[in-house]
Amino acid sequence: MTFGRSGAASVVLNVGGARYSLSRELLKDFPLRRVSRLHGCRSERDVLEVCDDYDRERNEYFFDRHSEAFGFILLYVRGHGKLRFAPRMCELSFYNEMIYWGLEGAHLEYCCQRRLDDRMSDTYTFYTAEEPGALGRDEARPGGAEAAPSRRWLERMRRTFEEPTSSLAAQILASVSVVFVIVSMVVLCASTLPDWRAAAADNRSLDDRSRYSAGPGREPSGIIEAICIGWFTAECIVRFIVSKNKCEFVKRPLNIIDLLAITPYYISVLMTVFTGENSQLQRAGVTLRVLRMMRIFWVIKLARHFIGLQTLGLTLKRCYREMVMLLVFICVAMAIFSALSQLLEHGLDLETSNKDFASIPAACWWVIISMTTVGYGDMYPITVPGRILGGVCVVSGIVLLALPITFIYHSFVQCYHELKFRSARYSRSLSAEFLN
């Protein structure tokens, strides 16, 4: 039961002097996260974490916020129109109100999102929903202050492994992880050099060629690889142990990539042990090479430590509709121009036909490199109509590719702002921890 006067059918929100009445049934599933948190409050302390003050007798909760901005937000969440900035109010102040009540910049109309992005870029000002000391308030439960020391220790470990800028220990751990990633990538690239492979073959010829002589741990590169894999495996296991939700942990894209990068090593070791790298099973040898090349996934681990890669991933996640639209544009144009180019270059005059455009699938390759203005020069039209079509294809490609880019660009700017301020927020926490 919600903390407050028992038996009351409704509560009153007092926002900057403006009073709004809500029934208790609507309070639990209210669209604004800060308001819905009132339903789970069980004590006075829980209530004061959500609002500024309250009157238990009248079931009235006081919020020292901008009343006009809250009115616009309340109309939006109730389905009465679209969310735009309040008149005569700073964009950053309105955005701060949105975050306080639990909304994001994506809820704004597109024109207002552009105004907000421009204002943020001009002033280098960023906002976030919670401060460092309030990261866990949304998951607060009764008795949180009396949580066991083991749970606090697990939370500290989780943040150390999941948030590279959350503490000094997290930064050191992230730096070590980056070093292992770089070393593993250098070894992977060097192992494909002819001189490296020749030296490795000479070393193997000097071994006793026992059943286990082909194992990856005998060569220096194999030893380095085994050390890197050991670090990545230990890091993944610890992060799994200290995670709050094990199922959610397994579903995260970066954790799936970690699994894809680690698993092939152990599979290749088992296959080498049971079949031998120089055995008559050529299929096993090809499989080993494919599995070892999957180590390239390790480079994606850098996304945990660099804002640029995180921004790219978050942008692709939020703009998947625009990416699909871009793909549809390219496919439609490819189908049209490939059919026309095959007809003009090969189908009309069979005696002087261009053999490079013998089929529509072959013409698709020319269309895609022309629309993207790459132009390898391996195939090109030789007839006058075909060259005219090629010019139209290039211009159409520039226009079609430019149309969705605007949406993707603004989403990229917004994602970068959010992640940059989040990193700066943890950096301030790190500076305080270092000084203390």
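For every chain, the first residue of the written sequence is number 1, and numbering continues from 1 onward in sequence order. With the structure being a predicted model, the display of local features is reserved for residues of pLDDT at least 70 and the display and counting of side-chain atom pairs for 80 or more, all residues being used for whole-chain, interface and lining totals. Hydrogens are left out, water is left out, and the side-chain values use all remaining heavy atoms of the structure.

### Quick look at the UniProt feature "transmembrane region" (unreviewed entry) in the protein
Part 1 of the reasoning: UniProt positions are given in the numbering used here, feature names are shortened, and annotations may be inferred rather than shown by experiment. Per the UniProt entry, the sites bearing "transmembrane region" (unreviewed entry) are residues 168-193, 222-242, 254-276, 296-316, 323-344, 356-376 and 388-412 in this numbering.
Part 2 of the reasoning: Secondary structure content for residues 168-193 is 88% helix and 0% strand, and the end C-alpha separation is 39 Å. Helix and strand labels come from DSSP, where a helix needs a run of H or I of at least four residues and a strand needs a run of E of at least two; each type is numbered from the N terminus.

### What to know about the nonpolar core
A general feature of soluble globular proteins is that nonpolar side chains tend to end up buried together.
Part 1 of the reasoning: Working definition of a nonpolar core: buried Ala, Val, Leu, Ile, Met, Phe, Trp, Tyr and Cys residues. They are joined through side-chain atoms within 4.5 Å. Only protein chains enter the calculation, and the probe is 1.4 Å; a residue is then buried if its accessible area is under 20% of its type maximum, exposed if over 50%, and partly exposed in between. Residues Leu32, Tyr61, Phe63, Ile73, Phe94 and Trp101 are the most contacted members of the largest nonpolar core, which totals 37 residues.
Part 2 of the reasoning: Contributing elements (two or more residues each) for this core: strand E1 (10-15), helix H3 (44-50), strand E4 (60-63), helix H4 (67-77), helix H5 (91-101) and helix H6 (110-123).
Part 3 of the reasoning: Once residues lying within four places of it in the same chain are set aside, the contact partners of Trp101 are Val15, Leu32, Arg33, Arg34, Val35, Phe63, Arg65, Phe70 and Ile73.
Part 4 of the reasoning: Listed in part, the 14 residues of the second largest apolar core include Leu326, Ala333, Phe357 and Cys393. The contact criterion used throughout is that any non-hydrogen atoms of two residues lie within 4.5 Å.

### Some thoughts on the pattern of salt bridges
Part 1 of the reasoning: For salt bridges, the criterion is a side-chain nitrogen of Lys or Arg within 4 Å of an Asp or Glu carboxyl oxygen. With the rule as written, the count across this model stands at seven salt bridges.
Part 2 of the reasoning: The residue Arg115 makes a salt bridge to Glu91 at a minimum N-O spacing of 2.8 Å. Placement of the pair is Arg115 in helix H6 and Glu91 in helix H5, with a sequence separation of 24 residues.
Part 3 of the reasoning: Take Glu91: its relative accessible area is 13%, and that puts it in the buried class.
Part 4 of the reasoning: One connected set of salt bridges, linked through shared partners, spans Arg19, Asp55, Arg58 and Glu60.

### A look at the packing of aromatic side chains
Part 1 of the reasoning: Geometry of aromatic contacts follows a simple scheme: Phe, Tyr and Trp rings, the Trp one being its six-membered ring, pair when their centres are within 6.5 Å, and the pair is stacked under 30 degrees between planes, edge-to-face over 60, tilted otherwise. Enumeration according to the criterion identifies 11 aromatic pairs in this entry.
Part 2 of the reasoning: Pairing Tyr20 with Phe70 gives two aromatic rings, centres 5.1 Å apart and planes at 65°, and the pair type is edge-to-face. Separated by 50 residues along the polypeptide, Tyr20 in strand E2 (residues 18-23) and Phe70 in helix H4 bring together distant segments of the chain.
Part 3 of the reasoning: Measuring from centroid to centroid gives 5.5 Å for Tyr265 and Tyr266, while their planes differ by 80°, and the two rings are edge-to-face.
Part 4 of the reasoning: In this structure Tyr266 comes out as partly exposed when scored by relative accessible area, which is 37%.
Part 5 of the reasoning: Among the aromatic residues, ring-to-ring pairing joins Tyr20, Phe63, Phe70, Tyr100 and Trp101 into one connected group.
Part 6 of the reasoning: Here the guanidinium or amino end of Arg65 rests over the ring plane of Tyr100, the centre of that ring lying 3.9 Å away. Two limits define a charge over a ring: the Lys NZ or Arg CZ must be within 6 Å of the ring centre, and within 35 degrees of the ring normal.

### Digging into a nonpolar patch on the surface
Part 1 of the reasoning: Together, Tyr320, Val324, Val328, Val332, Ile336 and Leu340 make up an exposed nonpolar region whose accessible area comes to about 520 Å².
Part 2 of the reasoning: In this structure, Tyr320 sits in helix H15 (residues 320-347).
Part 3 of the reasoning: Given the relative accessible area of 44%, Tyr320 is considered partly exposed. For patches, a residue must show more than 30% relative accessible area and have no salt bridge; joins then use 9 Å for like charges and 5 Å for nonpolar side chains, namely Val, Leu, Ile, Met, Phe, Trp and Tyr. All accessible areas in this document rest on Shrake-Rupley with a 1.4 Å probe, and a residue is counted as covered only by the protein chains that are shown.

### Section: H15
Part 1 of the reasoning: Helix span, as expected, comes to 1.5 Å for every residue beyond the first. Taking 1.5 Å per residue, 28 residues should reach 40 Å; H15 reaches 38 Å between its end C-alpha atoms and fits that length.
Part 2 of the reasoning: Regarding H15, the residues found buried are Glu322, Leu326, Ile330, Ala333, Met334, Phe337, Ser338, Ser341, Gln342, Glu345 and His346.

### Thoughts on the packing of H4 against H5
Part 1 of the reasoning: Helix axes are fitted only over the stretch in contact, all axes being lines through C-alpha atoms; the angle between N-to-C directions runs from 0 to 180 degrees. Running from amino to carboxyl end, H4 crosses H5 at an angle of 60°, the nearest separation of the two axes being 10 Å. Judged by the angle between their axes, H4 and H5 are oblique. Classified by chirality, the crossing of H5 by H4 is right-handed. In this structure, H4 uses Ala69, Phe70, Phe72 and Ile73 to contact H5, whose residues at the interface are Phe94, Glu97, Met98 and Trp101.
Part 2 of the reasoning: Classes in brief: Ala, Val, Leu, Ile, Met, Phe, Trp, Tyr, Cys and Pro nonpolar; Asp, Glu, Lys and Arg charged; the others, Gly included, polar. The residue inventory of the contact of H4 with H5, partitioned by class, reads seven nonpolar, no polar and one charged. An angle below 35 degrees is treated as roughly parallel, one above 145 as roughly antiparallel, one from 65 to 115 as roughly perpendicular, and anything else as oblique. By convention the crossing between two helices is left-handed if the near helix lies anticlockwise of the far one by an angle smaller than a right angle, and right-handed if it lies clockwise.

### As for the packing of H15 against helix H16 (residues 360-371)
Part 1 of the reasoning: H16 packs onto H15 with a crossing angle of 120° between their chain directions and a minimal axis gap of 8 Å. Looking at the two axes, H15 sits oblique to H16. You can see that H15 and H16 cross each other, and the crossing is right-handed. Only Ile360, Ala363, Cys364, Trp366, Val367, Ile368 and Met371 of H16 make contact with H15, whose side of the interface consists of Ile330, Ala333, Met334, Phe337, Ser338, Ala339, Ser341 and Gln342.
Part 2 of the reasoning: Here the residues of the contact of H15 with H16 sort into 12 nonpolar, three polar and no charged.

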